[in-house]
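Structure assessment
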Amino acid sequence: LEYQDLKAYVTPRRIALYIKELAESQQDIKEEVKGPPQKAAYDPEGNPTKAALGFARSQGVAVEDLFIRDLNGVPYVYALKFQKGEPAEKLLPDFCQHVLASLNFPKPMRWGDCDVRFIRPIRWLVALYGDRVVPFEYAGLNSDRISRGHRTLGGYVRLVRPEEYFEALETAYVLVDHERRKAEIWNQIKKLAVQVGGLVEEDEDLLTEITHLVEYPTALLGDLDIKYLSLPEEVITTPMREHQKYFPVRSQEGKLLPYFIAVRNGDTTALDLVKEGNKKVLKARLEDAAFYFREDLKKPLASYVSELDKVVYHDKLGTVGQRVERLRKLAGYIAERMGLDQRTKELVDRTAYLAKADLVTHMVYDFPELQGIMGGYY
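One structure accompanies this document, and this report is about it. Just so it is clear, the model here is predicted, and its values are computed rather than measured. Residues take numbers from 1 onward in each chain, read along the sequence in its written order. Where local features are concerned, this predicted model is filtered to residues with pLDDT of at least 70; where side-chain atom pairs are given and counted, the filter is 80 or more; whole-chain, interface and lining totals use all residues. With hydrogens and water set aside, each side-chain value is computed from the structure's full complement of heavy atoms.

1. Quick word on the overall build of the chain
Put simply, the rule is: In DSSP terms, a helix is any run of H or I states spanning at least four residues, a strand is any run of E spanning at least two, and both are numbered starting from the N terminus. Two things to know: the radius of gyration comes from C-alpha atoms, and the globule rule equals 2.2 Å times the number of residues to the power 0.38. A simple rule labels every residue: compare its accessible area, found with a 1.4 Å probe on the protein chains alone, to the largest value its type can have, and call it buried under 20%, exposed over 50%, or partly exposed in between. Two residues qualify as a contact provided that any one of their heavy atoms is within 4.5 Å of a heavy atom in the partner residue. When charges are counted, neither His nor the chain ends are considered; positive counts come from Lys and Arg and negative counts from Asp and Glu. Lysine's charge is taken at NZ, arginine's at CZ, aspartate's at CG and glutamate's at CD.
Of the regular secondary structure elements, the chain holds twelve helices and 16 strands. Relative to the compact-globule value of 21 Å for 378 residues, the chain shows a C-alpha radius of gyration of 33 Å, a clear excess of over 25%. Taking the principal axes of the C-alpha coordinates as reference, the chain spans close to 105 × 65 × 45 Å. In the chain, which comprises 378 residues, the share counted as buried stands at 36%. In the chain, once contacts between residues fewer than 6 apart in sequence are set aside, the share between residues at least 24 apart is 58%. The average position of the 54 basic charges and that of the 58 acidic charges among the side chains of the chain differ by 4 Å.

Now the structure itself:
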């Protein structure tokens, strides 16, 4: 089926396929099919053999309609097949089922007594061709023209034609187009950062993740106690980004400011309460981080090295402590081959000795993303 344009749209609650100018039917197909050589298809008197009769039958044509054409100097029998195009409305039900069944996910699930596997339970199906419903059944549901809006803000949405989809869903607090949603989130974030004289560094991974967590984004600016800024920067930004999905705010010079920007899935209703809730969660995270940081600093980094003997690196390669000894030997060998002076070789050995020590600190145990980084600070 020919079409002008085809795009897929994604939100946390829906996957949509939108096709413009879909042809009303397939094009008729004319196809020349090569059969057996002429000498095998006809006897010396020119009568068709079993080979010719079987070929004609398999192609759905009369044996009288077969014709001869040379291929590389050898005459072959050909059949001209004609297949009339099917109407779109006849093809679309099977097409819709096929598309849904062909979607694969790393961790699909089953629900109820349904044998279908999908990323989440399917709650509703919308399939429209012009103003008509494309009738099909999947996962115990029948296709219809009723969609649903935002989980808490929107209700049921009745669609008459496909071109109403985007506007109708927006009135139900859903921005269907994820690219538009992404741009809207980024614009809101930049505006909020400017309000406190700051900026937000571009973070494509975090922005993309948030885009696919919300259907109707509203960004909010929160603040944190300035005392936390005495912690290493990564200790503050890691809970923000990795755990809470917040954007840190920086000054024009790149210095961390006591603010964060979060994105809620909804409108501005009770935004102050949402802001306070986010602040409380982040405060708890930062209190943990501050505690771990203080505890880790109570003894020198080198004192943690002995604890690496209790951590298995690989069942066939021993502990992390044994790995450190291998690192020291390798580093020492390379330093010797490089002809480094004695003082530098001692620094190389000390570096290899301390390289994995932060793996057993409180901070890295709770925030594994900070391994190596905390070793640098300690």
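2. So, the pattern of salt bridges
If charged atoms from side chains of opposite charge come close, those side chains can pair. Counted only if it meets this: Whenever a carboxyl oxygen of Asp or Glu lies within 4 Å of a side-chain nitrogen of Lys or Arg, that contact is scored as a salt bridge.
Enumeration according to the criterion identifies 22 salt bridges in this entry. Here Arg-132 ties to Asp-131 by a salt bridge, and the two come within 3.4 Å at their closest N and O atoms. Ionic pairing is found between Glu-204 and Lys-182, a salt bridge with its closest N-O pair at 2.2 Å. Taken as a pair, Glu-204 in helix H6 (residues 204-211) and Lys-182 in helix H5 (residues 178-195) lie far apart in primary sequence, 22 residues in all. Judged by relative accessible area, which is 46%, Glu-204 ranks as partly exposed. Owing to a relative accessible area of 18%, Lys-182 belongs among the buried residues under this scheme. Each of the salt bridges in this network shares a partner with another, and the network as a whole consists of Glu-89, Asp-131 and Arg-132.

3. Quick word on the side chain of Arg-250
The cut-off we apply is this: Two N or O atoms count as a polar contact when they lie within 3.5 Å, although within protein this holds only if one can serve as hydrogen donor and the other as acceptor, and sequence-adjacent residues are included solely when both atoms are side-chain atoms.
Along the chain, Arg-250 turns up in strand E13 (residues 247-250). With relative accessibility at 10%, the residue Arg-250 sits in the buried group. A distance of 3.4 Å separates polar atoms of two side chains, one belonging to Arg-250 and the other to Glu-201. A distance of 2.8 Å separates polar atoms of two side chains, one belonging to Arg-250 and the other to Glu-233. Filtering out sequence-adjacent residues up to four positions away, Arg-250 remains in contact with Gly-198, Leu-199, Glu-201, Glu-233, Thr-237, Lys-255, Leu-256 and Leu-257.

4. Comments concerning the sheet that holds strand E4 (residues 67-71)
How we decide: DSSP-based pairing: two strands are paired if at least 2 bridges between them are found. Every axis in this analysis is a line fitted to C-alpha atoms, fitted for helices over the stretch in contact. Angles between the N-to-C directions lie between 0 and 180 degrees.
With antiparallel pairing, three strands are arranged side by side in an open sheet as E3-E5-E4. The open sheet has two edge strands, strand E3 (29-37) and E4, and neither has a second partner. Across the sheet, the axes of successive neighbouring strands diverge by a mean angle of 45 degrees, strand direction being ignored. Here E3 runs beside strand E5 (residues 74-83); their pairing, made up of seven bridges, is antiparallel.

On their own, these measurements won't tell you what the molecule is for.
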